[in-house]
Amino acid sequence: MTETVGIDRMGFYTPDMYLEMTDLALARGEDPAKYHVGIGQDKQAVIPPTQDVVTMAANAAAQILTPADKAAVKMVLFGTESGIDNSKATAVYLAHLLDLPADTRAVEIKQACYGATAGLQLAADYVRARPTAKVLVIGADIARYGLHTAGEVTQGGGAVAMLVTAQPRMLALEPVSAYHTADVMDFWRPLGRTEALVDGRYSTNVYLDFFKTVWTAYQAQTQRTIADFAALTFHIPFTKMGLKALRQVLPEATPDQQVRLQAAFEASQLDNRNVGNLYTGSLYLSILSLLRHGHLQAGDRIGCYSYGSGAEGEFYSAIVQPTFRQGFDDERLTALLANRHAVSVAEYEALFTQRLDLSGRDVQLPIGEVSAQYYLAGRHQQQRLYRQRAVD
Ligand code: COA
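Please read these numbers as outputs of a predicted model, since none were measured by experiment.

Considering the packing of helix H7 (residues 200-222) against helix H8 (residues 239-249)
It is the contact of H7 with H8, at a shortest axis distance of 10 Å, that shows an interaxial angle of 40 degrees. When the axis of H7 is compared with that of H8, the two are oblique. Handedness of the H7/H8 crossing: right-handed. Counting all contacts with H7, which are made through Ser203, Thr204, Tyr207, Leu208, Phe211, Lys212 and Trp215, the residues of H8 involved are Met241, Gly242, Lys244, Ala245, Gln248 and Val249. Looking at side-chain class alone, the contact of H7 with H8 contains seven nonpolar, four polar and two charged residues.

Written out as structure tokens, the structure reads:
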């Protein structure tokens, strides 16, 4: 019998503060409708200096791992483009913080926003070959473009953690996928820079071109059409970008199918609209948002378009499992987003510059108000000081 392999559980973490996009628009002399409608973002996660990609990943993964899972995790694949070291993998710090067994393979994967998808596909292949193994896949990033830049409205941050297993509770990955690589300079971050270099409009065009390419290749491989999909999900650095991709293929659907796909898209962008850009985690927050807010049923096929600037694109599909609602803690995720507090533009600007700088000097961060289970307390002798709070 061929094993079903896919996403068994998903966890999500984003810090407890955000910036209202109306406030940012007014401070930057823009019409708020440009941000809410033209870009399609309502709130943006603000990342305090006490959180980095390792702590956010730990806060997301801790939600989903039982002691039995920890014993069975044989690999940690950490997709990120905002890593904290040029040599040592974030996955190693994470495995230690989560107290995973030493016989775990732990590596970081980098290809802009595509890293988590590479992790997911490698994990699925690994589990197909070893059905009792479990793999922890992470997509965690802090999206920074810089104050007063055009990309500022498309910032954000957070982490998605996925447990990949045989007989998954949530989504069975179908083995066919179509991918495409080309050397494109649409977005990159040279060594030593904390903000990316980006040509946003060019990047959007490449993203749309790649989508057309992999969508067409997937259809040719599978003989499927848009009618075979209950939903299409996208990498959404800002929600308008996903909407543009959807609009490219909607004419292939009948009017009834178009209504269904548009409703599914609405559900799939709700959480992203209130968190902002997650880079590697964006597609996976969108899938989680669809499962939380959409009207999916067991057996539905969802299409997933992943894109990482530079550039790599992939289209794959997954089948919704009857037990999919057991794979995430809906109440907890709703509370996580609802219990955040708004910061002013002045507070956001101060926090933006307070993160650990590249100087390497010793730093003690203010940790009095930290609410997260895992956090960063500072840096000593070039080493980050990770801490864990006891939780109920
Ligand atoms: N009301 C409603 N919509 C408005 C508006 C208003 N008052 N003013 C402008 N808009 C719309 C524009 O028509 C445009 O929509 P369109 O793209 O459908 O044509 C949208 O808002 C953005 O306007 P634009 O003038 O292009 O904005 P910008 O020059 O400030 O740049 C980005 C927008 C997205 C290019 C910029 O934020 C960016 O570079 N972001 C980073 C991109 C990225 O993440 N790249 C990596 C992707 S993987």
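Quick look at the UniProt feature "domain: Hydroxymethylglutaryl-coenzyme A synthase N-terminal" (unreviewed entry) in the chain
Within the UniProt annotation, "domain: Hydroxymethylglutaryl-coenzyme A synthase N-terminal" (unreviewed entry) is assigned to residues 3-165. Taken as a whole, residues 3-165 contains 33% helix and 29% strand, while its terminal C-alpha atoms sit 10 Å from one another.

A short note on the sheet that holds strand S3 (residues 43-45)
Strand order in the open sheet made by the three strands is S3-S2-S14, with mixed pairing throughout. The open sheet is flanked by S3 and strand S14 (341-342), the only strands paired with a single partner. In the sheet, strand S2 (residues 17-20) pairs with S3 via three bridges, with the strands oriented antiparallel. Note that in S3 the partner of tyrosine 18 across the bridge is alanine 45.

What about the pairing of strand S4 (residues 73-79)?
Counting buried positions over the seven residues of S4 gives six, a clear majority of the element. For S4 and strand S6 (residues 134-143), the ladder comprises six bridges, and the chain directions are parallel. Looking across to S6, one finds that methionine 75 is bridged to valine 135. Judged from the five bridges that link them, S4 and strand S5 (residues 105-109) form a sheet pairing that is parallel. Residue pairing across strands places leucine 77 opposite valine 107, the latter belonging to S5. What joins S4 to S5 is helix H5 (residues 90-97), and the crossover it makes is right-handed.

Comments concerning the site of the ligand
What surrounds the ligand is a group of 22 residues, the closest being Lys34, Tyr145, Ala150, Arg201 and Lys244. Note that an oxygen atom of the ligand is positioned 2.7 Å from one of the backbone N or O atoms of alanine 150. For the shell around the ligand, the elements supplying multiple residues, two or more each, are helix H2 (32-39), H7 and H8.

Concerning unusual backbone geometry
For the bond from glycine 310 to alanine 311, the omega torsion is 10 degrees, close enough to zero to count as cis. Of note, alanine 311 is situated in the loop between strand S12 (301-308) and strand S13 (312-320). One non-glycine residue with positive phi stands out, namely histidine 148, at about 65 degrees. Its place among the elements puts histidine 148 in the loop between S6 and strand S7 (156-166). At glutamine 382, a position not held by glycine, the phi torsion is positive, near 65 degrees. As for its position among the elements, glutamine 382 is in the loop between strand S16 (374-380) and strand S17 (383-388). On the basis of relative accessibility, which here comes to 60%, the residue glutamine 382 falls in the exposed class.

Description of the sheet that holds S17
Across the sheet, three strands lie side by side as S15-S16-S17; this open sheet has antiparallel pairing. For this open sheet the edge positions go to strand S15 (363-364) and S17, each flanked by a neighbour on one side alone. The sheet contact formed by S16 and S17 spans six bridges and is antiparallel. Bridge assignment links arginine 379 to a residue of S17, and that residue is arginine 384. Sheet strands in contact with helix H3 (residues 53-61) are S16 and S17, and its direction is about 155 degrees off that of S16.

Things to note about the UniProt feature "active site" (unreviewed entry) in the chain
Sequence positions flagged by UniProt for "active site" (unreviewed entry) are, in local numbering, Glu81, Cys113 and His235. Relative to the helices and strands, cysteine 113 is located in the loop between S5 and helix H6 (115-129). If sequence neighbours within four positions are ignored, cysteine 113 has contacts with Glu81, His235, Tyr279, Thr280, Ser306, Tyr307, Gly308 and Ser309. Looking at where histidine 235 falls in the secondary structure, it is placed in the loop between strand S11 (231-234) and H8. You can call histidine 235 buried: its relative accessible area is 4%. The residues touching histidine 235, leaving out its near neighbours within four places in the chain, are Cys113, Tyr207, Tyr279, Ser282, Leu283, Tyr305, Ser306 and Tyr307.

Basis of the calculations
Residues numbered from 1 in each chain as written. Predicted model: local features only at pLDDT ≥ 70, side-chain atom pairs only at ≥ 80, totals over all residues. Heavy atoms only, no water. Axes fitted to C-alpha atoms, helices over the stretch in contact; angles between N-to-C directions. Helix = DSSP H or I, 4+ residues; strand = E, 2+ residues; numbered from the N terminus. Parallel < 35°, antiparallel > 145°, perpendicular 65-115°, else oblique. Left-handed = near helix turned anticlockwise from the far one by under 90°. Contact = heavy atoms within 4.5 Å. Nonpolar A, V, L, I, M, F, W, Y, C, P; charged D, E, K, R; others polar. UniProt positions renumbered as here; feature names shortened; annotations may be inferred. Pairing = 2+ DSSP bridges. Buried < 20%, exposed > 50% of the residue type's maximum accessible area, 1.4 Å probe, protein only. Right-handed = clockwise from strand over helix to strand, strands pointing away. Near = heavy atom within 4 Å. Polar contact = N/O pair within 3.5 Å; in protein donor to acceptor, adjacent residues only side chain to side chain.

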